[in-house]
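Spelled out, the chains give:
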Amino acid sequence: MIRLWDVHKTFHAGQVNELWAIRGVELHLPPRQFTILRGPSGSGKTTLLTLIGGLIRPSRGRIVVADRQVSSLPERFLTQMRRTTFGFVFQQFNLIRGLSVLDNVMLPAYPLAPPHRELMDRAHRLLARFSLTARANARVEWLSGGEAQRTALCRALINDPPVIIADEPTANLDQALSRELMILLRELKAEGRTVVVSSHDPLVWESSVVDRWVTLRDGRIVEQS
Amino acid sequence: MTMARFRYLLDYTLLSLARRWGRQLSLLIVYALLVLLLASVMLLGQALRWEAGLVLSAAPDLVVQRLMAGRQDLVPNAYLSQLTGLRGVTQVRGRLWGYYYDSAVGANYTVMTDSSLSSGDGAIGTGVARVRQLGVGDWLGLQSSPGHVFPLRITRLLEPNSELVSADLLVMGEEDFRRFFTFPRDSYTDLVLTIANPREVATIAEKVRRLLPDTRPISKTELLRSYDSLFTWREGIGWIILVSVVLAFLTLAWERASGLSAEEQREIGILKAIGWETGDVLGMKLAEGLVISLTAFLFGYLAAWLTIFHGDGGLFMPLLKGWAVLYPHFHPLPHVDGGEVATLLVVTVFPYTIATLVPVWRVAIADPDTVMRG
């Protein structure tokens, strides 16, 4: 499903503040598996997730997702992949302020322009599944951390992507909400999706849903199981 | 882009505008005021030229003035009979007109004659009626050139199509005019010629110059041209002022647009990250710019229209009608030149929209993650 060959990522190349975030990563993530990327802060977890998800391009190396080489795809096709192949859940949720929960959830589907009724039904089903129906019209800045996280999950799922990428999804949640989130992620895996999560939360690593652990340090994979 | 996709983008645009309504509203007001100023000058200039054209369409084909030492002088009656014989001239008529300063109200009147008026009767323009507070049947007391009291009974108020020209008119019979100004009986102010074939006007003017070398023939075309250039010049002053305003506005728009706020940049990054194409983001921002600029244009233009055609002419009236001593109540007929509206639309809407799009494009082509992190 996801393969990386000798992937490097350098920020500010050639400048005094040059930063080697990822160095020679080789990785194979089979479909329908739950993978955890772990490691200390600054180890390159988030950078690796954004590389896999096509949010940034590698400085060197190849990344193939669902038989398409995302590292060299033209911008237009890369955007299509972000829309249909990946569902992102960001550490800071990255919801659009001033909009309602429902509007935020429907946003990724706008460029696909499905019939409005169908999109509304899909969004409402997701909101019901994640216990957000009562908050559908609330502005996202009024949500609790757990509600915002679930809204971000709904948004990630609106286009029914086969890959879910979550960056430190429990970082802003208490333990109870973190457990709740892991249950939801387990359900997503059970539906046949590939789930890639970065975390340094032991509660996430120790979850029975996890199939693989990949440990990063200084941009390199130092351990994987 | 499909219609459905466009509708979704438009929905998002409207939501986006509603989120920042305070900021958008203030921008809209400034923008609409600018359009109001620009459109006022344009509509007023158009209306004045249109008005002048209407008035001059009834003007004589050729006016003949006599010059003495480079200044206009009275025309002897004998010239009238000399010109009557010219081939192509169907009618020659002597005109009597002049100016009168009314010290009671400090205004200048244009005095003309009308043969249908009986001795002692007069007709006045609405401007004169207004400043002297007169109506039909009232007496207008003037002081003749020798210093005698000269009463005129108002029998008619002039209500022609163009108040701009007729407001300061005072009309009396020919005999009264000569007595009032002590005007020589054997002279006229100027002569007017009616010419059968309009193409012969220049030829006949040349014949007049040769026959009466101390005269100056003025054709209707020349009058129209000088009126038109007068209005264009006055309108030009307005444009120079307003171009400065436009440049100031564009600088502001560019300042605003070139520095997208961190929140706006983050939003564009999020949209790109969840699958919006660069074209979608640009389309949304284009729609946002168009909604603001077109709304401002509509409100500004409508306000200008109401001010010019249904109000008192707006701020620019004194500038554009500056030649009138007695300011008339000017109610020009609504007249719109499609070309000028299109020009105004392009001048006001296009630069703003482009100025807004450039920085958005710069952000939208960057990696979404880089943009989100700022």
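Residues numbered from 1 in each chain as written. Chains lettered and ligands numbered in written order. Predicted model: local features only at pLDDT ≥ 70, side-chain atom pairs only at ≥ 80, totals over all residues. Heavy atoms only, no water.

1. Some words on the overall build of chain B
And step 1. From N to C terminus, chain B includes 13 helices and 13 strands.
And step 2. Classification of the 374 residues of chain B by burial places 46% in the buried group.
And step 3. Restricting to contacts in chain B with at least 6 residues of sequence separation, those with at least 24 account for 80%.
And step 4. Summing over all exposed atoms, chain B offers an accessible surface of approximately 18,100 Å²; the carbon and sulfur share of this is 62%. (Helix = DSSP H or I, 4+ residues; strand = E, 2+ residues; numbered from the N terminus. Buried < 20%, exposed > 50% of the residue type's maximum accessible area, 1.4 Å probe, protein only. Contact = heavy atoms within 4.5 Å. Areas by Shrake-Rupley, 256 points an atom, 1.4 Å probe, with all protein chains shown as cover.)

2. Some words on the overall build of chain A
And step 1. Counting its secondary structure elements, chain A contains seven helices and ten strands.
And step 2. Taking all 225 residues of chain A together, 56% fall into the buried category.
And step 3. For chain A, the share of sequence-separated contacts (at least 6 apart) that also reach a separation of at least 24 residues comes to 68%.

3. What to know about unusual backbone geometry
And step 1. We note that aspartate 67 of chain A has phi near 65 degrees; this positive angle belongs to a residue other than glycine.
And step 2. Looking at the secondary structure, you find aspartate 67 of chain A in the loop between strand 4 (60-65) and strand 5 (68-69).

4. Topic: helix 9 (residues 262-273) of chain B
All names here are of chain B.
And step 1. Between the first and last C-alpha of helix 9 there are 16 Å, a value that for twelve residues agrees with the 16 Å anticipated at 1.5 Å per step.
And step 2. A large share of helix 9 lies buried, amounting to nine of its twelve residues.
And step 3. All of the buried residues in helix 9 are Glu264, Arg266, Glu267, Ile268, Gly269, Ile270, Leu271, Lys272 and Ala273. (Expected span 1.5 Å × (residues − 1).)

5. Topic: the interface of chain B and chain A
And step 1. Contacts between the two partners involve 26 residues from chain B, matched on the other side by 30 residues from chain A.
And step 2. When the area that chain B buries against chain A is broken down by residue, the three leading residues are Tyr8, Ile274 and Glu277 of chain B, summing to 26%.
And step 3. On inspection of chain B and its partner chain A, the count reaches three salt bridges.
And step 4. Between the two partners, chain B and chain A, sit eleven residue pairs in polar contact (both at pLDDT 80 or more).
And step 5. Secondary-structure elements contributing two or more residues to the side of chain B that touches chain A are helix 1 (3-19), helix 9 and helix 13 (368-373) of chain B.
And step 6. In the side of chain B that touches chain A, the residues fall into eleven nonpolar, three polar and twelve charged. (Buried area = accessible area lost by both parts, 1.4 Å probe. Salt bridge = Lys/Arg side-chain N within 4 Å of Asp/Glu carboxyl O. Polar contact = N/O pair within 3.5 Å; in protein donor to acceptor, adjacent residues only side chain to side chain. Nonpolar A, V, L, I, M, F, W, Y, C, P; charged D, E, K, R; others polar.)

6. Some thoughts on the environment of leucine 212 of chain B
Residues and elements named next belong to chain B.
And step 1. Inspection of the secondary structure puts leucine 212 in the loop between helix 7 (201-211) and strand 13 (215-219).
And step 2. Taking relative accessible area as the criterion, leucine 212 reaches 3% and is therefore assigned buried.
And step 3. Along the chain, leucine 212 and tyrosine 79 lie 133 residues apart, while their C-alpha atoms are 7.9 Å from each other.

7. Quick notes on the environment of valine 89 of chain A
Residues and elements named next belong to chain A.
And step 1. With respect to the helices and strands, valine 89 occurs in strand 6 (residues 86-89).
And step 2. We classify valine 89 as buried; its relative accessible area is 4%.
And step 3. For the pair valine 89 and aspartate 167, spaced 78 residues apart in sequence, the C-alpha to C-alpha distance is 6.2 Å.
And step 4. With residues near it in sequence (within four places) discarded, valine 89 still touches Gln149, Ala152, Leu153, Ala156, Ile165, Ala166 and Asp167.

8. Considering the packing of helix 5 (residues 145-157) of chain A against helix 6 (residues 175-190) of chain A
Helices that pack against each other are described as a pair by the angle of their axes relative to one another and the distance between those axes.
All names here are of chain A.
And step 1. It is at 10 Å that the axes of helix 5 and helix 6 come closest, and there the two elements cross at 15 degrees. One finds that helix 5 runs roughly parallel with respect to helix 6. Here helix 5 runs over helix 6; the crossing is right-handed. Contacts between helix 5 and helix 6 pair Gly146, Gln149, Arg150, Leu153 and Leu157 from the former with Leu177, Glu180, Leu181, Leu184, Leu185 and Leu188 from the latter.
And step 2. Residues belonging to the contact of helix 5 with helix 6 are distributed by class as follows: seven nonpolar, two polar and two charged. (Axes fitted to C-alpha atoms, helices over the stretch in contact; angles between N-to-C directions. Parallel < 35°, antiparallel > 145°, perpendicular 65-115°, else oblique. Left-handed = near helix turned anticlockwise from the far one by under 90°.)

9. With respect to the sheet that holds strand 2 (residues 19-29) of chain A
Backbone hydrogen bonds hold the strands of a sheet together, and the pairing may be parallel or antiparallel.
And step 1. Spatial strand order, 2-1-4-5 (chain A): four strands in an open sheet with antiparallel pairing. At either margin of the open sheet sits one strand with a lone partner, and together these are strand 2 and strand 5 of chain A. (Pairing = 2+ DSSP bridges.)

10. Topic: the layout of surface pockets
Any empty space left between atoms is shown by rolling a water-sized probe over those atoms.
And step 1. The volume enclosed by the second largest pocket comes to roughly 290 Å³.
And step 2. Together, 17 residues line the second largest pocket, and Phe90, Gln91, Asn94 and Asp167 of chain A together with Asp369 of chain B are the ones closest to its centre.
And step 3. Where the lining of the second largest pocket is concerned, the elements lending two or more residues are helix 1 (45-52), strand 6 and strand 7 (163-167) of chain A together with helix 13 of chain B. (1 Å grid on protein atoms, 1.4 Å probe; cavity = no way out; pocket = protein on both sides within 12 Å on 5 of 7 lines; lining within 4 Å. Points joined across faces, edges and corners; volume = space filled by probe spheres on them.)

11. As for the sheet that holds strand 7 (residues 121-125) of chain B
Residue and element names in this part refer to chain B.
And step 1. Taken in spatial order, the six strands of this open sheet run 5-6-10-7-9-8, and their pairing is mixed. Two strands bound the open sheet, and with one partner strand each, they are strand 5 (97-102) and strand 8 (139-143). Strand-to-strand twist in this sheet, taken as the mean axis angle between neighbours without regard to direction, amounts to 35 degrees.
And step 2. Note that strand 7 and strand 9 (residues 149-158) share five bridges and pair parallel. When the bridges of strand 9 are listed, glycine 122 appears paired with isoleucine 154.
And step 3. Packing of helix 6 (residues 174-181) onto the sheet brings it into contact with strand 5, strand 6 (107-113), strand 7, strand 8, strand 9 and strand 10 (169-172), and relative to strand 5 it is tilted by some 55 degrees.

12. Comments concerning the side chain of arginine 66 of chain B
And step 1. Among the secondary structure elements, arginine 66 of chain B is positioned in strand 1 (residues 62-68).
And step 2. Of note is the side chain of arginine 66 of chain B, whose polar atom sits 2.9 Å from the side chain of aspartate 214 of chain B.

13. A short note on the confidence of the model for chain A
And step 1. Averaged over chain A, the pLDDT score is 91; the fraction of residues at 70 or greater is 100%.
And step 2. Within chain A, the element-level pLDDT minimum falls on helix 7 (residues 202-205) of chain A, averaging 84, and the maximum on helix 3 (residues 101-106) of chain A, averaging 96. (pLDDT = per-residue confidence, 0-100.)

14. Some remarks on the packing of helix 9 of chain B against helix 12 (residues 338-364) of chain B
Residue and element names in this part refer to chain B.
And step 1. The interhelical angle for the contact between helix 9 and helix 12, taken along N-to-C directions, is 50 degrees, at an axis separation of 10 Å. With respect to their mutual orientation, helix 9 and helix 12 come out oblique. The two elements helix 9 and helix 12 cross, and the hand of that crossing is right-handed. Contact with helix 9, carried on its side by Gln265, Ile268 and Lys272, involves Val360, Val363 and Ala364 of helix 12 and no other residues of that element.
And step 2. Looking at the contact of helix 9 with helix 12, its residues break down into four nonpolar, one polar and one charged.

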